Amino acid sequence: ELLGLVLAKYEEEHWPIAVTVHHTAGDTADCDAYVAWVANYHIFGEGHGWGDIGYQLMVCEDDAGLHIYEGRMCTGNDDFSSMWCIGAHASGYNDGYVGISLVGDFSNGSPTASEFNTLTAVVARAMFEADINSSDLYGHRDFNSTACPGDQLYALLPDMEETVDWCQSCGY
């Protein structure tokens, strides 16, 4: 159960080989309410019907602080069990790819330092858990015709890759 919604538990699993970074292109002052909206949109929105949030993990910052959400509920029981489920976040690039989304619109504005650092830590942890090389970090636009994850966040992916590489060399 997530914020009053009963979501499907996915049995179909995969071994991740890469991470895809997204942005939601929406802004919010209330992360819980926004993530519930994303769930409703992904489950019931026109052309969707995905049974759950398409991203495996989401990072959001509001006045209450930083939050990390498990987007796609999986049958595992560890902290990052959602990353082992096949997502619905990048057409043709879901099986083997972990979709991690930062809530916000980063087309023109940059993420805050705390948003970026938290997103980077979540990406690093996911890549460490699945033994994914830091060079296998992508933005959604690398696979599909989209502006996602926004120009400003996309421009920061090389910095994120460098940090992930450093984290992996230290054994996370």
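The structure displayed is predicted, hence computed values, not measured ones. (Residues numbered from 1 in each chain as written. Predicted model: local features only at pLDDT ≥ 70, side-chain atom pairs only at ≥ 80, totals over all residues. Heavy atoms only, no water.)

Enquirer: Would you mind showing me how to read the pairing of strand 4 (residues 97-102) here?
Expert: Successive side chains on a regular strand alternate, one facing one side of the sheet and the next facing the other. Within strand 4, six of the six residues are buried, which leaves the element mostly enclosed by the surrounding structure. Side chains Tyr97, Gly99 and Ser101 of strand 4 all project onto a buried face; the interleaved residues Val98, Ile100 and Leu102 project onto the opposite face, where all are buried too. Pairing of strand 1 (residues 18-23) with strand 4, which is carried by six bridges, proceeds in the parallel orientation. The residue of strand 4 that forms the bridge with histidine 23 is leucine 102. In this structure, strand 2 (residues 57-62) lies alongside strand 4, joined through three bridges in parallel fashion. (Buried < 20%, exposed > 50% of the residue type's maximum accessible area, 1.4 Å probe, protein only. Helix = DSSP H or I, 4+ residues; strand = E, 2+ residues; numbered from the N terminus. Pairing = 2+ DSSP bridges.)

Enquirer: What exactly am I supposed to notice about the pattern of salt bridges here?
Expert: Side-chain pairs of opposite charge can arise where the charged atoms are in close proximity. Tallying each qualifying case throughout the model produces two salt bridges. Between glutamate 129 and arginine 125 there is a salt bridge, and its shortest N-O distance comes to 2.8 Å. One end of the pair is glutamate 129 and the other is arginine 125, both in helix 2 (residues 113-129) and four residues apart, which spans about a single turn. Taking the shortest distance from any N to any O, the salt bridge between arginine 141 and aspartate 151 comes out at 2.9 Å. Within this pair, whereas arginine 141 is found in the loop between strand 5 (137-139) and helix 3 (151-155), its partner aspartate 151 is found in helix 3, the two being separated by ten residues in sequence. On the basis of relative accessibility, which here comes to 24%, the residue arginine 141 falls in the partly exposed class. Overall, the relative accessible area of 45% leaves aspartate 151 in the partly exposed class. (Salt bridge = Lys/Arg side-chain N within 4 Å of Asp/Glu carboxyl O.)

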